[in-house]
2 protein chains.
Amino acid sequence: MLAPEQETRPAVRPFLAITKQFAAGTATPRDFLDACLVEFANREKDVGAFVTFDIEGARAAADASTARWKAGKPASPIDGMPMGIKDIIETADMPTEMGSPLFAGWRSEKDAACVSALRQAGAVILGKTVTTEFAATQPRGTRNPHNLEHTPGGSSSGSAAAVGCGMASAALGTQVIASTIRPASYCGCYGYKPSVNALNREGCHDYQSQSCTGVIAATLEDTWQVAFEIVTRVGGDAGTPGLIGPATCPAPTRPKRLAFLETAGWAIAEPAAKALMQETLQRLKQNGVAVSTRHDDAAIDAVETAIADAHPLSNRINGFETRWFLRGAYQRDPEKLSSFMRERLVESEALTLADYRATLAERARIRALYGNLAGGFDGCLALAAGGPAPRGIASSGNAPSAVPSSLLGVPALSLPLFEIDGMPLGLQIIGFFNEDARAFALAGWLRDHLGRAGH
Amino acid sequence: MLAPEQETRPAVRPFLAITKQFAAGTATPRDFLDACLVEFANREKDVGAFVTFDIEGARAAADASTARWKAGKPASPIDGMPMGIKDIIETADMPTEMGSPLFAGWRSEKDAACVSALRQAGAVILGKTVTTEFAATQPRGTRNPHNLEHTPGGSSSGSAAAVGCGMASAALGTQVIASTIRPASYCGCYGYKPSVNALNREGCHDYQSQSCTGVIAATLEDTWQVAFEIVTRVGGDAGTPGLIGPATCPAPTRPKRLAFLETAGWAIAEPAAKALMQETLQRLKQNGVAVSTRHDDAAIDAVETAIADAHPLSNRINGFETRWFLRGAYQRDPEKLSSFMRERLVESEALTLADYRATLAERARIRALYGNLAGGFDGCLALAAGGPAPRGIASSGNAPSAVPSSLLGVPALSLPLFEIDGMPLGLQIIGFFNEDARAFALAGWLRDHLGRAGH
């Protein structure tokens, strides 16, 4: 059932489409920014998407972009794009507070690699978006623009909230568990967590081995373009090839065969979400796309079994990788760490290097198992979350639907195609390692052929 | 020819040997620190090894260590070890200035992973040691304790100078080209550059894909122990197994067959250095160790050919990986970047992502070629540098002997076994990926059976 368009709803602000007008001289990046600033003025006091907002800097950047478009020399296709930067990511001209009072006002004195790339590409950096404490669990007050009583998700809370109501066209997020896919799903944006290492993380304080810097944006094309403009300038993590794919969003490609992954999220998903997912699978079959599940395919069943513990496995890996940092934070001032973080520190102090190595080996085994699906399927589908954003802002929601792609190190996309009771929910695509472009091609086809569905 | 011991020469300060006295109560970490402080008082004004020196903090840490040893509960075998931390590595209680006026007084507000581990192991952090600008080329005034008119090498200049004259028992360095092996060679210390990723680099601002955090120390056993105490607490780089090996320095093991690598350094090495190396190879043969070279082994010759361009290849990789950072530094204040760095920035701006990927592929090819030697040889030998530290402190010396292990991502050790005209020179061991323990076992045997040789 298609959801009716409602004008009063928060709306995303697509960017690439408008640049034709920039080129033709019928609109300017400065005009476009001003529209974002109106939205910011109207909604930020309620939504709380930003920690730092640099109106003057943004205007100056938009004016410079306007001049480049007028001269017919935009720095890139995203020249003039208003963007937010998750406050776990370093910016030379603004503090990077990491969602923690321990880093209030702290300055890196440099841009992260991805921010450096975006500036070079002409993006207009609006400010720093709210992150949960150290990009983990503890929320920092941001509200969902679709309903202020609901969480925007986390940890990239402010990035998704800002994009979800058009304060920005796109924003950077990061993800080690569910931190890009979940808030994108909750806020009605496109969300993209790339293959692990595909976008340079230097200067993003989310350095765990399965962490990724990701993109939240208004459209699929905007999402790809932001990622491409980063990788072409600063690569992936040092020593890796970085995101592989074309200079513009891969063309929609009809899939032949898809795998549906329940993930551990299925057991706790809301009935309406499950119904939407099942209707989608039916419609795909009616469209001639073969869809397999754990109930009819042994390889998928093996993957489902292997990823059932994706969350605790991820927590163990993340725990060993971050405990030295948390210990130092605790020693500086235990009162400035959330009780959640203090508990995580206690748990992870018990781990040994041998435990860690064993968990890495288990992760490698699961990744190889998942890789077996790449030959037989064009991609996997799953819910991006177990339902729309839950009520309340003390929790950023559940993670089990989103965590498998983190553990697997593979690309994931949340497409804002579902809606339940007026709140958005994402259809998730889980792709294959370093085949991010293939996931985008599939996403484009699904968007074009499924459209939006609601209950 | 054995070099006579001269009491007036700078002497390193071994640590593990003295801990028997700590355990017996006949000496204390505080006494040991005080001896370092005397050396510091006598020599630092000339040598200039430290950027920041925290006497009170060191005394407090040594007193706490003394109490632990008295209670029979040292935190680790290196509890009480006086150490320097290269000023490219973050410390919560001191600035991290990176050898650049752009970061004068800059504070990370956290310890790097390796520093966190060392504190937990009870090490006494004396201060931050001088690094060349951003751990690259431009020296920052440190002098060689063996002769103040000569360079200590770089980029870990202060770490090697401090250990070389016993201000500290050990210090952390980093290396992406020659920055640990070369200064260790010049200053008469043991130097260890591990397998790439083997020691956690988080918080060490040397993040290039072939960068490593390394150890410079008074003895081989001290060197291993420092590395082990780091890895057992914080692992290697996130997602990797980290340094593999026993809880104490691997026992000396007689090699059967060694490969001698000329490297690109041989062509510019001093005659006296080449003579020492050749005598060493002769003595090994007399000891029944088979030694092969490019002139009698095709696999070695293939490696020599492949690593001939190790330095320019490394520069290309490093250039792509750091140009965004250098560009940001330039934009902040071009006058605060050395002319060397400005030139490097211009050169690397011309690189494309495709160039970078091609260079990574070439590096992978060379690494595989080198890996072929692991089955046939117990390790490789080379000069650690083309001669002792050259006169003058405006340059940190030549790199071609030390750079191959960086490109190859394999462990390297500099053993202070050679001497020319009263100045130290290292014998280099180049090992195999993740077989660092094997390189230490070989190093111990060479030290025990070759002794020191001089011209």
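Bear in mind the structure is a predicted one, so any value in this text is a computation, not a measurement. (Residues numbered from 1 in each chain as written. Chains lettered and ligands numbered in written order. Predicted model: local features only at pLDDT ≥ 70, side-chain atom pairs only at ≥ 80, totals over all residues.)

1. Notes on the overall build of chain A
Then, number 1: Along its length, chain A carries 14 helices and 12 strands.
Then, number 2: What you see for chain A is a C-alpha radius of gyration of 20 Å, in line with the 23 Å of a compact globule of 455 residues.
Then, number 3: Referenced to the eigenvectors of the C-alpha coordinate spread, the extents of chain A come out at roughly 60 × 60 × 45 Å.
Then, number 4: Out of the 455 residues in chain A, the part that is buried amounts to 63%. (Helix = DSSP H or I, 4+ residues; strand = E, 2+ residues; numbered from the N terminus. Rg over C-alpha atoms; globule rule 2.2 N^0.38 Å. Buried ≥ 20, exposed ≤ 12 C-beta atoms within 10 Å, placed from the backbone.)

2. So, the nonpolar core
Then, number 1: Residues Cys 114, Val 163 and Ala 170 of chain A together with Cys 114, Val 163 and Ala 170 of chain B are the most contacted members of the largest nonpolar core, which totals 282 residues.
Then, number 2: With residues up to four places along the chain from it excluded, the contact list for Ala 170 of chain B reads Phe 15, Met 81, Met 83, Val 163, Val 215, Ile 216, Ala 217, Ala 218, Asp 222 and Val 226 of chain B. (Core = buried A, V, L, I, M, F, W, Y, C linked by C-beta atoms within 7 Å. Contact = placed C-beta atoms within 7 Å.)

3. Digging into the domain arrangement of chain A
All names here are of chain A.
Then, number 1: With domains assigned, chain A is organised as domain 1 (16–251) and domain 2 (310–364).
Then, number 2: Distance from the C-alpha centre of domain 1 to the C-alpha centre of domain 2: 28 Å.
Then, number 3: Counting residues at the interface gives 12 residues for domain 1 and 12 residues for domain 2.
Then, number 4: For the side of domain 1 that touches domain 2, the class distribution of residues is 5 nonpolar, 6 polar and 1 charged. (Domains from an automatic or database assignment. Nonpolar A, V, L, I, M, F, W, Y, C, P; charged D, E, K, R; others polar.)

4. Details of unusual backbone geometry
Then, number 1: Geometrically, the link from Gly 154 of chain A to Ser 155 of chain A is a cis peptide bond, its omega value of 5 degrees lying close to zero.
Then, number 2: By secondary structure assignment, the location of Ser 155 of chain A is in the loop between strand 3 (124–129) and helix 5 (157–164).
Then, number 3: The backbone of Asn 434 of chain A shows a phi angle near 60 degrees, a positive value even though the residue is not glycine.
Then, number 4: Position of Asn 434 of chain A among the secondary structure elements: in the loop between strand 11 (423–430) and helix 14 (436–450).
Then, number 5: By the C-beta count within 10 Å, which is 22 here, Asn 434 of chain A ends up buried.
Then, number 6: In the Ramachandran plot, Phe 134 of chain B falls in the positive-phi region, its phi being about 50 degrees despite a non-glycine side chain.
Then, number 7: Position of Phe 134 of chain B among the secondary structure elements: in the loop between strand 3 (124–129) and helix 5 (157–164).
Then, number 8: Assessed through the 24 C-beta atoms surrounding it within 10 Å, Phe 134 of chain B is described here as buried.

5. Digging into the relation of the copies chain A and chain B
Then, number 1: Laying chain A over chain B is done by rotating through 180 degrees and shifting 0.0 Å along the axis; what remains is an RMSD of 0.0 Å. Those values place the two copies in the arrangement expected of a two-fold rotation axis. Looking at the rotation axis and the C-alpha trace of chain A, the residue lying nearest is Ser 108 of chain A, at 3.8 Å.
Then, number 2: Mapped onto chain B, 100% of the interface residues of chain A again fall at the interface, so both copies present the same surface. (Least-squares fit on C-alpha atoms with pLDDT ≥ 70 in both.)

6. Some points on the interface of chain A and chain B
Then, number 1: At the interface, 32 residues of chain A touch 32 residues of chain B.
Then, number 2: Looking at the side of chain A that touches chain B, the elements that each hand over two or more residues are helix 4 (113–120), helix 7 (220–234), helix 10 (310–332) and helix 12 (353–371) of chain A.
Then, number 3: Per-element accounting of the side of chain A that touches chain B gives the leading share, 7 residues, to helix 10 of chain A.
Then, number 4: Broken down by class, the residue content of the side of chain A that touches chain B amounts to 16 nonpolar, 8 polar and 8 charged.

7. Considerations on the confidence of the model for chain A
Then, number 1: Residues with a pLDDT of 70 or more make up 98% of chain A, whose mean pLDDT is 96.
Then, number 2: Long-range and interchain partners of residues 1–6 of chain A, a stretch whose pLDDT sits below 50, account for 8 contacts in this model, where long-range means more than four residues apart. (pLDDT = per-residue confidence, 0-100.)

8. Section: the packing of helix 10 of chain A against helix 11 (residues 339–349) of chain A
Residues and elements named next belong to chain A.
Then, number 1: Packing of helix 10 against helix 11 leaves a shortest axis separation of 9 Å and a crossing angle of 125 degrees. In terms of orientation, helix 10 lies oblique with respect to helix 11. Every pair of crossing elements has a handedness; the one defined by helix 10 and helix 11 is left-handed. On helix 11, the residues touching Gly 319, Phe 320, Arg 323, Leu 326, Arg 327 and Tyr 330 of helix 10 are Met 341, Arg 342, Arg 344, Leu 345, Glu 347, Ser 348 and Glu 349.
Then, number 2: Here the residues of the contact of helix 10 with helix 11 sort into 5 nonpolar, 2 polar and 6 charged. (Axes fitted to C-alpha atoms, helices over the stretch in contact; angles between N-to-C directions. Parallel < 35°, antiparallel > 145°, perpendicular 65-115°, else oblique. Left-handed = near helix turned anticlockwise from the far one by under 90°.)

9. What to know about helix 3 (residues 55–70) of chain B
Residues and elements named next belong to chain B.
Then, number 1: For helix 3, spanning 16 residues, the distance from its first C-alpha to its last is 22 Å, which sits close to the expected 22 Å at 1.5 Å a residue.
Then, number 2: Among the residues of helix 3, those classed as buried are Ala 58, Ala 61, Ala 62, Ser 65, Thr 66 and Trp 69. Buried positions in helix 3, seen along its axis, are confined to an arc of 145 degrees and lie on one side of it. Across helix 3 from its buried face, at more than 90 degrees, point the exposed residues Glu 56 and Ala 60.
Then, number 3: On the buried face of helix 3, the contacting elements are helix 1 (19–24), helix 2 (29–47), strand 2 (82–86) and strand 3.
Then, number 4: Phi turns positive, to about 70 degrees, at Gly 72, one or two residues after helix 3. (Expected span 1.5 Å × (residues − 1). Arc of directions from axis to C-beta.)

10. Overview of helix 4 of chain A
Then, number 1: The buried fraction of helix 4 of chain A amounts to 7 of the 8 residues, a majority that puts the element mostly inside the structure.
Then, number 2: Listing the buried residues of helix 4 of chain A in full gives Ala 113, Cys 114, Val 115, Ser 116, Ala 117, Leu 118 and Arg 119 of chain A.
Then, number 3: Tucked into the core, helix 4 of chain A has its buried residues touching strand 2 (82–86), strand 3, strand 4 (170–175), strand 6 (212–217) and helix 7 of chain A together with helix 10 (310–332) of chain B.
Then, number 4: Downstream of helix 4 of chain A by a residue or two, Gly 122 of chain A has a phi angle that is positive, lying close to 95 degrees.

11. Some points on the environment of Ala 217 of chain A
Residues and elements named next belong to chain A.
Then, number 1: Here Ala 217 lies in strand 6.
Then, number 2: Along the chain, Ala 217 and Ser 169 lie 48 residues apart, while their C-alpha atoms are 5.8 Å from each other.
Then, number 3: Leaving out residues up to four positions away in the same chain, Ala 217 has contacts with Val 163, Ser 169, Ala 170, Cys 189, Tyr 190, Asp 222, Thr 223 and Val 226.

12. What about the pairing of strand 3 of chain A?
Residue and element names in this part refer to chain A.
Then, number 1: With 6 of 6 residues buried, strand 3 lies mostly within the body of the structure.
Then, number 2: Pairing geometry for strand 1 (residues 50–53) and strand 3, over 3 bridges, is antiparallel. In the sheet register, Thr 52 faces strand 3, and the bridge partner there is Lys 128.
Then, number 3: In the sheet, strand 2 pairs with strand 3 via 5 bridges, with the strands oriented parallel. Its bridge partner being in strand 3, Ile 85 is matched across the sheet by Lys 128.
Then, number 4: Following the chain from strand 2 across helix 4 to the adjacent parallel strand 3, one finds a crossover that is right-handed. (Pairing = 2+ DSSP bridges. Right-handed = clockwise from strand over helix to strand, strands pointing away.)

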